[in-house]
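Structural overview for review
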Amino acid sequence: MYNNTKYCSVFNSDSSETVAYNNPLFPAYVVYGLLSSYPDYSSVSHWHKDLEFILIKKGTMTYNVNGRLIDLEKGSGIMVNSYQLHYGFSAEHNECEFVCILLSPELLQVNDWFYQNYIEPVTENSAYPYLYLSRNGWMASVMEKLDEIYDSFGKIPTEPLSYFELMEDYFMLMKILYENLDIGSQTRKPESPDLSSLRNMMAYIEEHYMEHITLADIALSGACCKSKCSLLFKKYLRDTPITYTTKLRLRKSLSTLLGSNSSIADIAISSGIAPFPIGI
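Along each chain, numbering runs from 1 in the same order as the chain's sequence is written. Where totals are concerned, whole chains, interfaces and linings use all residues; where local detail is concerned, this predicted model gives features only for residues with pLDDT of at least 70, and gives and counts side-chain atom pairs only at 80 or more. By convention in this description, side-chain values take in all heavy atoms of the structure and omit both hydrogens and water.

Looking now at the overall build of the protein chain. For the protein chain, the helix and strand inventory stands at eight helices and nine strands. Only protein chains enter the accessibility calculation, which uses a 1.4 Å probe; a residue is then buried when its area is under 20% of its type maximum, exposed when over 50%, and partly exposed in between. Residues counted as buried form 50% of the 280 residues belonging to the protein chain. Under the convention used here, a 1.4 Å probe and the Shrake-Rupley method define accessible areas, while residue burial counts only the protein chains that appear. With the model as given, the accessible surface of the protein chain reaches about 12900 Å², and the carbon-plus-sulfur share is 56%. We count a stretch as a helix when DSSP gives it H or I for four or more residues in a row; a strand needs E for two or more, and each element gets its number in order from the N terminus.

Turning our eyes to something else, we now look at helix α2 (residues 139–153). Between its first and last C-alpha atoms α2 spans 21 Å; for 15 residues at 1.5 Å apiece the expected length is 21 Å, and the two agree. Contacts between residues were defined by any pair of non-hydrogen atoms, one from each residue, lying within 4.5 Å. Here the buried face of α2 lies against β3 (28–34), β4 (51–65), β6 (77–80), β8 (96–103), β9 (130–133) and α3 (161–180). To estimate the expected span of a helix, count its residues, drop one, and scale the result by 1.5 Å.

Note on definitions: salt bridges are taken to be side-chain nitrogens of Lys or Arg within 4 Å of carboxyl oxygens of Asp or Glu. Inspection of the entire model under this criterion finds eight salt bridges. Here D147 makes a salt bridge to R135, at a shortest N to O gap of 3.0 Å. Taken together, the positions of D147 in helix α2 and R135 in the loop between β9 and α2 put the pair 12 residues apart, joining distant regions of the chain. Each of K57, R135 and D147 takes part in one network of salt bridges that share partners.

Okay, the nonpolar core next. Ranked by internal contacts, the top residues of the largest apolar core, which has 34 residues, are F53 and L133. Residue assignment for this core shows that the elements contributing at least two residues are β3, β4, β8, α1 (112–123), β9, α2 and α3. The element contributing the most residues to this core is α2, with seven residues. Once you skip the residues sitting within four places of it in the chain, L133 turns out to touch F53, S76, G77, I78, M79, M139, V142, M143 and L146. Here, nonpolar core refers to any group of buried Ala, Val, Leu, Ile, Met, Phe, Trp, Tyr and Cys residues whose side-chain atoms link them within 4.5 Å. Counting 21 residues, the second-largest nonpolar core is a separate cluster that includes L85, M201, I218 and C224.

Here D40, not a glycine, exhibits a phi torsion of approximately 60°, which is positive. By the secondary structure assignment, D40 is in the loop between β3 and β4. In this model, A223 sits at a positive phi of 55°, which is unusual for a non-glycine residue. Within the element layout of this structure, A223 appears in the loop between α5 (215–221) and α6 (226–237). Classification of A223 by relative accessible area gives exposed; the value is 75%.

Now for the confidence of the model for the protein chain. By definition, pLDDT measures how confident the predictor is in each residue, and it falls between 0 and 100. Here the protein chain averages 85 in pLDDT, and 81% of its residues register 70 or above. Per-residue pLDDT stays below 50 along residues 1–8; that stretch engages in 29 contacts with residues further than four places along the chain or on separate chains.

Disulfide: a pair of cysteine sulfur atoms within 2.5 Å of each other. This structure, assessed with the given rule, holds zero disulfides. Cysteine C224 is unpaired, with the sulfur of C229 as its nearest cysteine sulfur at 5.2 Å.

Attention shifts here to the environment of F233. Note on placement: F233 falls in helix α6. For F233 and M201, which are 32 residues apart along the polypeptide, the C-alpha to C-alpha distance reads 9.3 Å. In contact with F233, not counting residues within four places along its chain, are L198, M201, I205, I218, R238, D239, T240, P241 and Y244.

Okay, the environment of N200 next. If you trace the backbone, N200 turns up in helix α4 (residues 193–208). A sequence separation of 19 residues divides N200 from A219, and the C-alpha atoms of the two residues are 9.5 Å apart. Contacts of N200, omitting those with residues within four sequence positions, involve S221 and G222.

All right, on to the pairing of strand β7 (residues 86–89) then. Of the two faces of β7, the one lined by H86 and G88 and the one lined by Y87 and F89 are each fully buried. Bridge count between β4 and β7: four bridges; the pairing is antiparallel. Among the inter-strand pairings, V65 is bridged to a residue of β7, identified as H86. For two strands to be treated as a pair, DSSP must find no fewer than two bridges joining them.

Where helices are involved, their axes are fitted lines through C-alpha atoms of the stretch in contact, as for all axes, and angles between N-to-C directions lie from 0 to 180°. Between α2 and α3, whose axes approach to 9 Å, the crossing angle comes to 165°. In terms of orientation, α2 and α3 fall into the roughly antiparallel class. Along this stretch, α2 crosses α3, giving a crossing that reads as left-handed. Contact residues: S141, V142, K145, L146, E148, I149, S152 and F153 in α2; S162, Y163, E165, L166, D169, Y170, M172, L173, I176 and L177 in α3. An angle below 35 degrees is read as roughly parallel, one above 145 as roughly antiparallel, one from 65 to 115 as roughly perpendicular, and any other as oblique. Each crossing gets its handedness from the near helix: less than a right angle anticlockwise from the far helix is left-handed, clockwise is right-handed.

Take the packing of aromatic side chains next. Pairing of aromatic rings covers Phe, Tyr and Trp, the last through its six-membered ring, and needs centres within 6.5 Å; plane angles under 30 degrees mean stacked, over 60 mean edge-to-face, and all others mean tilted. Evaluation of the coordinates by the stated rule reveals 11 aromatic pairs. Each member of the aromatic cluster is reached from another via a ring pair, and the members are W113, F114, Y118, F171 and Y178.

Relative to the assigned elements, T123 resides in helix α1. The contacts of T123, once residues within four sequence positions are left out, are L51, N81, S82, P105 and M174.

So this is what it looks like as structure tokens:
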């Protein structure tokens, strides 16, 4: 296997991610990646409407979904549902090879009735912010479909018939999920005040990471005190506001470095790493 991880995804001001799809005109992202390709062996917490699937091929990884930590090892995987805060990391800086698949639910929007009755009950079901995937029971069929999606669509360049194969596998994948999840428990609860506050603070950092920002500035953006700000970051992101901001700046600088001829000093300044101190 080889690493073809892309760094051209864009994090928006609300901490959502605009995904760099394999084909910009077709919302599917399928790659083989290395965790060491990310600064400090950690992605930055984010969310998107796309369903995210991670399949562990070698090594281990920890996934954080809304503050819940899920340990993944070779042969296992995870599905992160739409709009959930998440990121993968290794606290021990252990290498992990994985397949990452992001699929937009909009690919399955045959018509409004079908989408509302058969797709949204899965993708917007608050009872399932994530699913731990194994190769046992009915989940083995999910893993099999994900393997097929990678085999057909993860190649470069993508063959024309791969689009048909991906759509066929995606529909079958959603059918398996619909059949086996407790769709009757579907709920659309409003987001908790704490998560709303955290999203606002993450959005503030995204908008102002190039500036010198303080803990008080971040807390104010989330309408909370500094201690509550630190508590929310620790609870949901397992990071301090300082560490989160530093990781975001490093991710921004790495993206620029890989796609620019600018000097390291200029990139550091444009990413907020210099002349401002790392701490906030």
